[in-house]
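The residues making up each chain are set out below.
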Amino acid sequence: PSIGYWVAGAHRGRGFATEASRALISALFTKAGFPAVAATARTVNIASQRVLMAAGMAQVGRGQIKSAQLGRYVPVLVFQIDRKAWEKTRKPAAP
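Residues numbered from 1 in each chain as written. Predicted model: local features only at pLDDT ≥ 70, side-chain atom pairs only at ≥ 80, totals over all residues. Heavy atoms only, no water.

(A) View of the confidence of the model for the protein chain. Averaged over every residue, the pLDDT of the protein chain is 93; residues scoring 70 or more account for 95%. Mean pLDDT values for the elements of the protein chain range from 90 in helix α3 (residues 83-89) up to 98 in strand β3 (residues 72-82). (pLDDT = per-residue confidence, 0-100. Helix = DSSP H or I, 4+ residues; strand = E, 2+ residues; numbered from the N terminus.)

(B) Spotlight on helix α2 (residues 46-54). What α2 keeps buried is the set S48, Q49, V51 and L52. Around the axis of α2, the buried residues are gathered within 155° of arc, so they sit on the same side. Residues A47 and R50 are exposed on α2 and point more than 90 degrees away from its buried face. Buried-residue contacts for α2 involve α1 (16-30), β1 (36-42) and β3. Looking one or two residues past α2, G56 carries a phi angle of roughly 100°, positive in sign. (Buried < 20%, exposed > 50% of the residue type's maximum accessible area, 1.4 Å probe, protein only. Arc of directions from axis to C-beta. Contact = heavy atoms within 4.5 Å.)

(C) Geometry of the packing of aromatic side chains. By the definition in use, this model includes one aromatic pair. Here F29 and W86 contribute two aromatic rings whose centre-to-centre distance is 5.1 Å and whose plane-to-plane angle is 35°, an arrangement assigned as tilted. One end of the pair, F29, is in helix α1; the other, W86, is in helix α3, with 57 residues separating them in the sequence. On the accessibility criterion, F29 (2% relative accessible area) is buried. The exposure class assigned to W86 is buried, which follows from its relative accessible area of 5%. (Phe/Tyr/Trp six-rings, centres within 6.5 Å; stacked < 30°, edge-to-face > 60°.)

(D) Layout of the side chain of Q49. As for its placement among the helices and strands, Q49 is situated in helix α2. The residues touching Q49, leaving out its near neighbours within four places in the chain, are A41, R42, T43, V44, L77 and F79.

(E) Here's a closer look at the pairing of strand β2 (residues 58-67). Sheet topology note: the β2/β3 ladder contains nine bridges and is antiparallel. Directly across from R62, in β3, lies its bridge partner L77. Linkage of β2 to β3, two consecutive antiparallel strands, is achieved through a turn of four residues, within which G71 is found at a positive phi near 70°. (Pairing = 2+ DSSP bridges.)

Right, dumping it as structure tokens:
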């Protein structure tokens, strides 16, 4: 599956997208059993790229998607995390 998000300007920079992305990725691995999760971020959207990297994703490619908002194709970076990489990002349980 591929995840996505949008945060209103007044609420950006407060960690909401990172927290939500981490929770969704966790649920997709633990509850739904998916082997990998993907996402895209526009090449000009550095903040979104940082959110995906903070959620444990790595850039795996480039592409283009049709932006409903802009009504045209836009260049994007493709990010992904697989179960093995995600498990490395999890904090160990407290003793």
